[in-house]
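For reference, the chains in residue letters:
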Amino acid sequence: MTGDVQRGAYLARASGCIACHTNFEDGGAPLAGGAPLETPFGVFYPPNITTDPEHGIGDWNLSDFAMTVRQGVSPDGEPLFPAFTYPFYADFSDQDVADMWAAFQTVAPVTNPAPPHDVGFPFNQRWGLKLWRALFMHDPQTEPVEGKSVDWNRGRQLVRGAAHCGACHTGRNLAGGRMPDAVFAGNDDLPGGNKAPSILSDDLADRGWTVANLSYALQSGVTPSGDVFGGSMGEVVQNGTRFLSKSDLKAMAIYLLDSDVPEGRALAGTPSIGKTID
């Protein structure tokens, strides 16, 4: 399958690959990894995902990449720590993955390895991740819903999938699993001491968010009060959502302001995440 580099680069931005795998604070090269992610379980360091064959993913193939992105399993069969947001990418189509792979092949190799994770016992025992996956991996629910608009469904696909908004805006239990009954309800215990407010539709409306000002904020980082997003949300905008098309940002805002999924069957098939790029 032939990948589209432009669409793959767009999807990589939407998915936070550059934001997470680049150590901007220390002047790191794009996608070379190393930015520390401090959690209650230890410090995780996103790996180098440049084309370097020794320290990056230069010796991978498309199948290796697909398994890692959609299943959270490394080419040698090891389950990856869920600090990597692979559960949100499970519905990526084969074309989505091929596009991303094509884009990653254009990244210059960086020979520096990312630091090893600093995770203590028992959380450093990868065999335990198999149990974690069985208990806490959930379908990302990105499939289109019958009876909803094209924009609403596109927004759902982005918010629940690539943009992985629920990774930060959903509370977690003591094992680090997202709580299904707290989706989008906010999280006061993010890595680095950050907090993520509720992005439930009613709460957003109560705080004065509209489709127009929310889509603008996701592009500019400027809130309706004239303030700017700080902390981790500021980084999300700076390194991710500001690169999305106006139509996709509007779709995300439409979905977030009406995010209660109605009763009804999902439409057949999962569309490509890059389908509506403009």
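All of these numbers come straight from a predicted model, not from anything done at the bench.

### Examining the layout of surface pockets
Item 1. Counted as a void, the second largest pocket has a volume near 240 Å³.
Item 2. Lining the second largest pocket are 13 residues, and of these His138, Asp139, Arg160, Arg178 and Val183 lie nearest its centre.

### A few points about the sheet that holds strand β3 (residues 118-119)
Item 1. Overall, antiparallel pairing links the three strands, which are arranged β1-β2-β3 in an open sheet. At either end of the open sheet lies a strand with only one pairing partner, and these are β1 (37-39) and β3.
Item 2. Here strand β2 (residues 42-44) pairs with β3 via two bridges, running antiparallel. Within the sheet, the bridge partner assigned to Gly42 lies in β3 and is Val119.

### Looking at the environment of Glu54
Item 1. Mapped onto the elements of the fold, Glu54 is located in the loop between β2 and α3 (62-71).
Item 2. Measuring from C-alpha to C-alpha, the distance between Glu54 and Leu257 comes to 45 Å, with 203 residues separating the pair along the chain.

### Some words on the nonpolar core
Item 1. Counting 41 residues, the largest nonpolar core has Phe65, Phe92, Met100, Phe104 and Met252 as the members making the most contacts within it.
Item 2. Elements with a minimum of two residues in this core: α1 (5-14), α2 (17-20), α3, α4 (94-104), α6 (150-162), α9 (211-220) and α11 (246-256).
Item 3. If one sorts the elements of this core by residue count, α11 sits on top with five residues.
Item 4. Setting aside residues no more than four positions away along its own chain, Phe65 makes contact with Ile57, Trp60, Val97, Met100, Trp101 and Phe104.

### Regarding α3
Item 1. Taken residue by residue, α3 has Asp64, Phe65, Ala66, Thr68 and Val69 as its buried positions.
Item 2. For α3, the elements touching its buried residues are α4.
Item 3. Just past α3, the residue Gly72 takes up positive phi, approximately 70°.

### Some remarks on the packing of α1 against α4
Item 1. Between α1 and α4, the shortest axis-to-axis distance is 7 Å and the interhelical angle comes to 95°. Taken as axis vectors, α1 and α4 run roughly perpendicular relative to one another. Residues Val5, Arg7, Gly8, Ala9, Leu11 and Ala12 of α1 form the contact with α4, whose own contacting residues are Asp96, Asp99, Met100, Ala102 and Ala103.
Item 2. Looking at the contact of α1 with α4 residue by residue, the classes come out as seven nonpolar, one polar and three charged.

### Overview of the pattern of salt bridges
Item 1. Throughout the structure, instances matching the rule amount to four salt bridges.
Item 2. Close ionic contact of Arg70 with Asp94 constitutes a salt bridge, the shortest N to O distance being 2.9 Å. Here the residue Arg70 occupies a position in helix α3, and Asp94 occupies one in helix α4, the gap between them amounting to 24 residues.
Item 3. On the basis of relative accessible area, Arg70 is assigned to the partly exposed category, the value being 21%.
Item 4. Classification of Asp94 by relative accessible area gives partly exposed; the value is 47%.
Item 5. The partner of Arg126 in a salt bridge is Glu78, and the shortest N-O contact between them spans 3.5 Å. Residue Arg126 is located in the loop between β3 and α5 (128-136), and its partner Glu78 is located in the loop between α3 and α4; the two are separated by 48 residues in the primary sequence.

How each quantity is defined
Residues numbered from 1 in each chain as written. Predicted model: local features only at pLDDT ≥ 70, side-chain atom pairs only at ≥ 80, totals over all residues. Heavy atoms only, no water. 1 Å grid on protein atoms, 1.4 Å probe; cavity = no way out; pocket = protein on both sides within 12 Å on 5 of 7 lines; lining within 4 Å. Points joined across faces, edges and corners; volume = space filled by probe spheres on them. Pairing = 2+ DSSP bridges. Helix = DSSP H or I, 4+ residues; strand = E, 2+ residues; numbered from the N terminus. Core = buried A, V, L, I, M, F, W, Y, C linked by side-chain atoms within 4.5 Å. Buried < 20%, exposed > 50% of the residue type's maximum accessible area, 1.4 Å probe, protein only. Contact = heavy atoms within 4.5 Å. Axes fitted to C-alpha atoms, helices over the stretch in contact; angles between N-to-C directions. Parallel < 35°, antiparallel > 145°, perpendicular 65-115°, else oblique. Nonpolar A, V, L, I, M, F, W, Y, C, P; charged D, E, K, R; others polar. Salt bridge = Lys/Arg side-chain N within 4 Å of Asp/Glu carboxyl O.

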